Structure formats: structure tokens, C-alpha cells
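Now for the letters of each chain:
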Amino acid sequence: MPTILNIETSTDVCSVALTQDGQVLEHHEDYEGHNHAVVLSRFVESCVTYARTRDLKLDAVAVSIGPGSYTGLRIGLSEAKGLCFGLSVPLIGVNTLQLLVVSTMFANFFDEDNLLYVPMLDARRKEVYTAVYTPALEAMLEPQPMILDADSYAQFRKEHVLVMMGNGSDKAKDIITPGDDLRYIPGVKPVAMDMLALAEKHFREGRFIDVAYSTPMYLKEFQATTPKKLF
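Attention in this report is confined to the structure presented alongside it. Numbers given to residues run from 1 along each chain, matching the order in which its sequence is written. Selection of residues for local features in this predicted model requires a pLDDT of at least 70, selection of side-chain atom pairs for listing and counting requires 80 or more, and totals for whole chains, interfaces and linings are taken over all residues. Side-chain measures were taken over the full set of non-hydrogen atoms in the model, leaving aside hydrogen atoms and water.

Once that is clear, we can look at the pairing of strand 8 (residues 139-147). Direction of pairing for strand 7 (residues 127-133) relative to strand 8: antiparallel, over a ladder of six bridges. Following the sheet pairing, Tyr129 is matched in strand 8 by Pro145. Two successive antiparallel strands, strand 7 and strand 8, enclose a turn made up of five residues, where Leu137 displays a positive phi of approximately 65 degrees. Strand pairing is defined by DSSP finding a minimum of two bridges between the two strands. Strands are runs of DSSP state E lasting at least two residues, helices are runs of H or I lasting at least four, and both sets are numbered from the N terminus onward.

In an α-helix, one full turn covers 3.6 residues, which means residues spaced three or four apart are oriented alike. Here helix 1 (residues 36-53) is 18 residues long and its end C-alpha atoms lie 25 Å apart, about the 26 Å a rise of 1.5 Å per residue gives. Buried within helix 1 are the following residues: His36, Val39, Leu40, Phe43, Val44, Cys47, Val48, Tyr50 and Ala51. Viewed along the axis of helix 1, the buried residues span an arc of 165 degrees, placing them on a single side of the element. Looking at helix 1, the residues exposed on the side facing more than 90 degrees away from the buried face are Val38, Glu45, Arg52 and Thr53. Two residues form a contact once any of their heavy atoms are found within 4.5 Å. Contacts made by the buried residues of helix 1 are with strand 1 (3-8), strand 2 (14-20), strand 3 (23-30) and helix 2 (70-87). Any helix carries an expected span of 1.5 Å times its number of residues minus one. The rule is simple: take the accessible area with a 1.4 Å probe, protein chains only, and divide by the maximum for that residue type; under 20% is buried, over 50% is exposed, in between is partly exposed. Here the arc refers to the directions that run from the helix axis out to each C-beta atom.

Before going further, it helps to spend a moment on the pairing of strand 10 (residues 182-185). Bridge analysis of strand 9 (residues 161-165) against strand 10 gives four bridges, and the strand direction is parallel. Its bridge partner being in strand 10, Val163 is matched across the sheet by Arg183. Handedness of the crossover joining strand 9 and strand 10 through helix 5 (residues 169-175): right-handed. Here is how to tell: hold the view so the strands point away, follow the path from the first strand over the helix to the second, and if it runs clockwise the crossover is right-handed.

Before going further, it helps to examine the sheet that holds strand 9. An order of 8-7-6-9-10 is seen for the five strands of this open sheet, with the pairing classed as mixed. Each end of this open sheet is capped by a strand with a single partner; those strands are strand 8 and strand 10. With strand direction ignored, the average angle separating the axes of adjacent strands in the sheet is 20 degrees. As paired strands, strand 6 (residues 115-122) and strand 9 are joined by five bridges and run parallel to one another. Bridge assignment links Pro119 to a residue of strand 9, and that residue is Met165. As a rule, the C-alpha atoms of each element are fitted with a line to give its axis, helices using only the stretch in contact, and angles between N-to-C directions run from 0 to 180 degrees.

Aromatic ring pairs are described here by two measures, namely the spacing of the ring centres and the angle between the planes. Two aromatic rings, drawn from Phe, Tyr or Trp (for Trp, its six-membered ring), form a pair once their centres lie within 6.5 Å of each other, and the interplanar angle then sorts them: stacked below 30 degrees, edge-to-face above 60, tilted otherwise. Overall, the coordinates contain three aromatic pairs when judged by the stated rule. Geometrically, the ring pair formed by Tyr70 and Tyr218 is stacked, given 5.0 Å between the ring centres and 20 degrees between the ring planes. Of the two residues, Tyr70 sits in helix 2 while Tyr218 sits in the segment after helix 6 (196-204), which places them 148 residues apart along the sequence. Take Tyr218: its relative accessible area is 22%, and that puts it in the partly exposed class. Aromatic pair Phe203 and Phe208: ring centres 5.8 Å apart, planes at 75 degrees, arrangement edge-to-face. According to the relative accessible area criterion, Phe208 is partly exposed, its value standing at 37%. Geometrically, a lysine NZ or arginine CZ counts as sitting over a ring once it is within 6 Å of the ring centre and also within 35 degrees of the ring normal. Sitting above the plane of the Tyr50 ring, Arg54 keeps its charged end 3.6 Å from the centroid.

Before going further, it helps to spend a moment on the sheet that holds strand 5 (residues 91-95). If you walk across this open sheet you meet the five strands as 3-2-1-4-5, and the pairing is mixed. The two strands at the open ends of the sheet, each matched to only one other strand, are strand 3 and strand 5. On average, adjacent strands in this sheet sit at an angle of 20 degrees to one another, irrespective of strand direction. Across five bridges, the pairing between strand 4 (residues 60-66) and strand 5 is parallel.

This next bit is on the pattern of salt bridges. Counted as salt bridges are all cases of a side-chain nitrogen of Lys or Arg within 4 Å of a carboxyl oxygen of Asp or Glu. A complete count under the given rule lists seven salt bridges for this structure. Where Asp122 meets Lys171, a salt bridge forms, and the shortest distance between an N and an O atom there is 2.4 Å. Highlighted residues: Asp122 in strand 6 and Lys171 in helix 5, separated in sequence by 49 residues. The salt bridge involving Glu127 is made with Lys220; its shortest N-O contact spans 2.7 Å. Of the two residues, Glu127 is situated in strand 7 and Lys220 in the segment after helix 6; the sequence distance between them amounts to 93 residues.

Take it as geometry only, folks, not as evidence of what the structure does.
See below:
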């Protein structure tokens, strides 16, 4: 099985994990806010040193490509590309919304047969980046920005139980019409060590992204804001 360096910077959490053969060999996480530019290179260096001192050959670099924070995604992808160029290894792009679903499935047991998974990442105000997936990660609703209202996801609630997770689900709970068909899973954050299953699957299937020209999955254009005047 491959040895993969995983990088996740799509939210306020910055994390890196070295994985091999379904196991996490080393991982680092920072939950202090947007410190990606400060801590990411140090985390990467530690994992690369771990591999080198144990004669492990790095087979690929995997990076979470979004959606998520514009700045965080750019920092993570830039670091990943630099590693791939320097080490001559392929680059794997992991969908952040799918990562949230996989993290939830691994950590929770649900006995319903009609589940759909609804990851949400906060996009400010009442908007989220979201999608709807089956347990096999088939997209019933492709990744997209959505402004939440009381009837959001109504078309899926008729025949399914919806499992909702991610930092966008916190505000969804106060907006979407409640019901027994909704399961909110708190505290699910995208982190590098949970990328293991998706990254290894992509590697086995040869699903790599272009090191030179790949870009993050932003889903919408960046909108710069004018800082508020203090005086």
C-alpha cells in the first residue's frame, strides 16, 4: 500500500498526516485559528523527516482541494505542489465535503437504511458549501453554494434520513424546519488523518490531479471586502 503525505487546510484547522497501508504513522493538528502559513511547513517537515529516517518512500501527496477557506486552500495546495515537484511524486485532490462524510461514517453507527449524508461548510451569513451523498459517496446533489432557508433539502427529506455535519450545520439547525428525519452530528472537522481512505482509493485508481495547473474547488468567486474604519 502507498505511503502518502496528507494535507488539510480548508477550514480554521491546519493538519498534516503521514499514512501507509491503512494506518496513520504520524500526524499534526493546529486548532488555534488561521495559522496555516505559520505551522504547515513545520508539520510537513516533521512527517517527511519521519519517513526519511525510516527509509519510507513517499508515493504521493494528497491535499484537500475544497470547498472551504480561499486562503487556506491556496496555502495547502501550494505546499502540496511544491512537495510533488521536489519529490517527483503525483498529487491527489480530496473533496473536502466527501472527507466530512467519510469522517462521520467512520465515527458513527446508524441503523437506518435510507440515509443520505449532507456535509456543510460555513460560507458566511446563511450560506454554506454543501452537497448530498449516498453512503457509497454517490452525489445526489453536486457540491455547490446554498443559501439556507426553512425548506432546504426538502426534496430529499420525503424518503430519506439526512445526516448533517460540518461547521455549516450549526447554523442550519436554527434555519431548516426540524424533524425526526434530520440527524445533526456536532464537532466534525476535516482533518488530514481522516483523508487516509479517500487518498488511498484515489491512488489505487490512478486518480491524480495536474501538479502544474490544478486549482482549488472554490465553488464561487472570491469577494474582497473593505475593512471597517476604526475611527
